[in-house]
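Report on the structure
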Amino acid sequence: MVHLTEEQRIRYARNIRIPGIGEVGQAKLRESRVAVVGLGGLGSPLCLYLAAAGIGTLGLIDADVVELSNLQRQVLHATSRIGKKKTESAAEVLQALNPEVNLVLVDRRVTAETAEGILENYDVVAEATDNFESKFLINDVCLRMKKPFATAGILGLSGQAQFVVPGKTPCLRCLFPQVPRGTPTTAELGVLGAVPGILGSLEALEIIRWVVGLWQPREDGSGRLHGVDGVSMSLRTLTVRRRPDCGCAAIR
Amino acid sequence: MKITLNGEMRDVGDGTTVAGLLKDLGFQTEGVVVEINGTIIDRTRFEDTKFSEGDRVELVRFVGGG
Ligand SMILES: [Zn+2]
């Protein structure tokens, strides 16, 4: 039932060699549909690694255009494409990297009104937006639609990432029932490009683990929060538990 | 009193609370997740949760950029 072409066997040889992936896992990647919301700092490594790995359909979702000040961290884009839509700029690179990937360009904002329509045709979502409101909106929409999603945030020299499987792991609101307010943005405090490089890559790894079937729920229903701190240069993993009074608690 | 903070030994005064430590570190309590001995502390308990000798404390900043 696995039909990889000779060219695919060569292109993906090093994926296929990994225990737990193999040709079956590679076929799963090819059949998967992944939405990437945000084509910025986090979205850049996300898209590059997902396309390179052979994800079948990649939804590229962003309403912005490439700006000069994006380029110290948004490595998917380029100086020659300043002023171009990020969806088109991304598609140019990803098509050249892996012509097999079916790219769907969505030049729209994800809002409470548009989110379900934009995300409904995807198996799994990679959240790579640049603000808490959007991150928590995607959390709520994915819970409602029972779609697993990777999520991360970055600022300065630090960042964090989580993978949420509705009904199996905690969600963002298990940690923060209310959207955190009054926190500074990257426009105010800056961000070093290598930081979203790490966190976006973590998200890509989580998505690929999910698609090929390497992800397993933990028996106690807990999840993990991965934190990267580039000031003290430490990587920490915290155990997150489901909050009994969270909106996600009723999901099975 | 000694605690372990993100893998490093740290001296804190007796009776130091989570909120007090975050203040000493210059962190906004709004965007931090704190775990003590494997359990994440509810944000509403930061003011009244005191450390004990030997606590293993993990602290992750929760940030919103992308
Ligand atoms: Zn929850």
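Residues numbered from 1 in each chain as written. Chains lettered and ligands numbered in written order. Predicted model: local features only at pLDDT ≥ 70, side-chain atom pairs only at ≥ 80, totals over all residues. Heavy atoms only, no water.

Looking at the interface of chain A and chain B
Between chain A and chain B, the residue contacts involve 37 residues of the former and 20 residues of the latter. Between chain A and chain B, the buried area comes to about 2,200 Å², and carbon and sulfur atoms account for 59% of it. Its largest share of buried area at the contact with chain B, chain A owes to Phe176, Arg236 and Leu238 of chain A, together 28% of the area lost on that side. Connecting chain A to chain B are two salt bridges. For Asp42 of chain B, the salt bridge is made with Arg243 of chain A, and the minimal N-O distance between the two is 3.0 Å. Scanning the region where chain A abuts chain B turns up 12 residue pairs in polar contact (both at pLDDT 80 or more). Elements with a contribution of two residues or more to the side of chain A that touches chain B: α7 (132–145), β5 (149–155), β6 (158–164), α8 (172–175), β7 (223–229) and β8 (234–240) of chain A. Top contributing element to the side of chain A that touches chain B by residue count: β8 of chain A, with five residues. Within the side of chain A that touches chain B, the residues separate by chemical class into 16 nonpolar, 15 polar and six charged. (Contact = heavy atoms within 4.5 Å. Buried area = accessible area lost by both parts, 1.4 Å probe. Salt bridge = Lys/Arg side-chain N within 4 Å of Asp/Glu carboxyl O. Polar contact = N/O pair within 3.5 Å; in protein donor to acceptor, adjacent residues only side chain to side chain. Helix = DSSP H or I, 4+ residues; strand = E, 2+ residues; numbered from the N terminus. Nonpolar A, V, L, I, M, F, W, Y, C, P; charged D, E, K, R; others polar.)

A few points about the confidence of the model for chain A
When pLDDT is averaged across chain A, the result is 97; 100% of the residues are at 70 or more. Mean pLDDT across the elements of chain A bottoms out in helix α9 (residues 186–189) of chain A (90) and peaks in strand β1 (residues 33–37) of chain A (99). (pLDDT = per-residue confidence, 0-100.)

Quick word on the packing of aromatic side chains
Scanning the model with the defined rule gives six aromatic pairs over all chains in all. Sitting over the ring of Tyr122 of chain A, Arg33 of chain A keeps its end group 5.4 Å from the ring centre. (Phe/Tyr/Trp six-rings, centres within 6.5 Å; stacked < 30°, edge-to-face > 60°. Lys NZ or Arg CZ within 6 Å of the ring centre and 35° of its normal.)

Focus on the sheet that holds strand β1 (residues 2–5) of chain B
Residue and element names in this part refer to chain B. Judged by pairing direction, the sheet is mixed, and its five strands sit side by side in the order β2-β1-β5-β3-β4 without closing on themselves. One side of each edge strand has no neighbouring strand; the edge strands of this open sheet are β2 (8–11) and β4 (39–40). Sheet strands in contact with helix α1 (residues 18–25) are β1, β2, β3 (32–36) and β5 (56–61), and its direction is about 125° off that of β3. (Pairing = 2+ DSSP bridges. Axes fitted to C-alpha atoms, helices over the stretch in contact; angles between N-to-C directions.)

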